[in-house]
Amino acid sequence: MPHTIKVNTGEKARKEARTPRPFGPGLPASLVGRIERLEVVGSSFNDPGADWCEFRAYDAQGRLITSRRVMGY
């Protein structure tokens, strides 16, 4: 079952959003400036199939801007 690995806000969220794959989502600058919160959700080791992490970016109003899934843990 997927679970929240970490949540960053403000500048920490924007910095992580810029991190290139496979260690981050590698989001474009056009989106990064709008990000206020970045959640990292991942699969559990016991889940069937390949491991993955999903980066979910939210704006200041709490609206989902984008999400990117990266394979691996």
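First, a word on what this report is: a plain description of the structure on this page.

Definitions and cut-offs
- Residues numbered from 1 in each chain as written.
- Predicted model: local features only at pLDDT ≥ 70, side-chain atom pairs only at ≥ 80, totals over all residues.
- Heavy atoms only, no water.
- Helix = DSSP H or I, 4+ residues; strand = E, 2+ residues; numbered from the N terminus.
- Rg over C-alpha atoms; globule rule 2.2 N^0.38 Å.
- Contact = heavy atoms within 4.5 Å.
- Areas by Shrake-Rupley, 256 points an atom, 1.4 Å probe, with all protein chains shown as cover.
- Lys, Arg positive; Asp, Glu negative; His and termini not counted.
- Charge placed at Lys NZ, Arg CZ, Asp CG, Glu CD.
- Polar contact = N/O pair within 3.5 Å; in protein donor to acceptor, adjacent residues only side chain to side chain.
- Salt bridge = Lys/Arg side-chain N within 4 Å of Asp/Glu carboxyl O.
- Buried < 20%, exposed > 50% of the residue type's maximum accessible area, 1.4 Å probe, protein only.
- Phe/Tyr/Trp six-rings, centres within 6.5 Å; stacked < 30°, edge-to-face > 60°.
- Lys NZ or Arg CZ within 6 Å of the ring centre and 35° of its normal.

This part takes up the overall build of the protein. Counting its regular elements, the protein contains 2 helices and 4 strands. Element order for the protein, N to C, with α for helix and β for strand: β-α-α-β-β-β. Over its C-alpha atoms the protein spans a radius of gyration of 12 Å, differing by no more than 12% from the 11 Å that the globule rule assigns to 73 residues. Along the three orthogonal principal directions, the C-alpha set of the protein runs to about 35 × 20 × 15 Å. Long-range contacts, defined as pairs at least 24 residues apart, comprise 42% of the intrachain contacts of the protein with a sequence gap of at least 6. By element, 53% of the accessible surface of the protein is carried by carbon and sulfur atoms, the whole surface being about 4,600 Å². Here the protein holds 12 positive side-chain charges and 8 negative ones, and the gap between their average locations is 5 Å.

Structurally, N8 can be placed in strand 1 (residues 3–9). Separated by 2.7 Å, the side chains of N8 and E16 make a polar contact. Setting aside residues no more than four positions away along its own chain, N8 makes contact with A13, E16, E36, R37 and L38.

Our next topic: the pattern of salt bridges. Here the structure, examined in full by the defined rule, presents 8 salt bridges. A salt bridge links E11 to R14, with the shortest nitrogen-to-oxygen separation between them at 3.4 Å. Of this pair, E11 and R14 both sit in helix 1 (residues 10–18), 3 residues apart, which is roughly one turn of that helix. Judged by its relative accessible area of 46%, E11 is partly exposed.

What the rule picks out here adds up to 0 aromatic pairs. Across from the ring centre of Y58, 4.1 Å away, lies the NZ or CZ of R37, which sits over that ring. For the cation-ring pair, R69 lies above W52, with the distance from its terminal atom to the ring centre recorded as 3.7 Å.

Take unusual backbone geometry next. Cis rather than trans, the peptide bond between R21 and P22 has omega equal to 5°. Among the secondary structure elements, P22 is positioned in the loop between helix 1 and helix 2 (29–32).

Read these as spatial facts, not as claims about activity.
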